[in-house]
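The primary structure of each chain is shown beneath.
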Amino acid sequence: MPGQRKRKRSQERQRGPSAAELGPGRWTVVFETTDEAAWRTEIRRRTADHEVRDPSRFRLDQFCGRTLLPSTYRLSVFVPDDGAR
């Protein structure tokens, strides 16, 4: 298909850095809720307060719920190992 390679590269760039690009470390959950509005407010607050300088170190997860369990929203931050960067 014409343009497929360009579209895939664009999507990869939007996804953010891979684990290899971030270096050694781990993702730490800093906020988890079932309220989407509270989740979005927390994201805005942490971005505005510059708690994390590089926005690519945020990971936003949305776990879809079903009839018995509500959807869960999670905000994680990448924490590099002590010897890294």
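For the structure, see preceding data.
With that settled, consider the overall build of the protein. What the protein contains, in helices and strands, is three helices and three strands. Each helix (α) and strand (β) of the protein, taken in turn from the N terminus, gives the series α-α-β-α-β-β. Long-range pairs, those at least 24 residues apart, make up 62% of the contacts in the protein between residues at least 6 apart in sequence. For the protein, the accessible surface area stands at approximately 6900 Å², while carbon and sulfur atoms represent 50% of it.

Reading across from one edge, β1-β3-β2 is the order of the three strands in this open sheet, with antiparallel pairing throughout. This sheet does not close on itself; its edge strands, each paired only once, are β1 (25-33) and β2 (58-63). Strand-to-strand twist in this sheet, taken as the mean axis angle between neighbours without regard to direction, amounts to 25°. Contacts from helix α3 (residues 36-48) reach β1, β2 and β3 (72-80), with the element oriented near 25° to β3.

Calculation rules
- Residues numbered from 1 in each chain as written.
- Predicted model: local features only at pLDDT ≥ 70, side-chain atom pairs only at ≥ 80, totals over all residues.
- Heavy atoms only, no water.
- Helix = DSSP H or I, 4+ residues; strand = E, 2+ residues; numbered from the N terminus.
- Contact = heavy atoms within 4.5 Å.
- Areas by Shrake-Rupley, 256 points an atom, 1.4 Å probe, with all protein chains shown as cover.
- Pairing = 2+ DSSP bridges.
- Axes fitted to C-alpha atoms, helices over the stretch in contact; angles between N-to-C directions.

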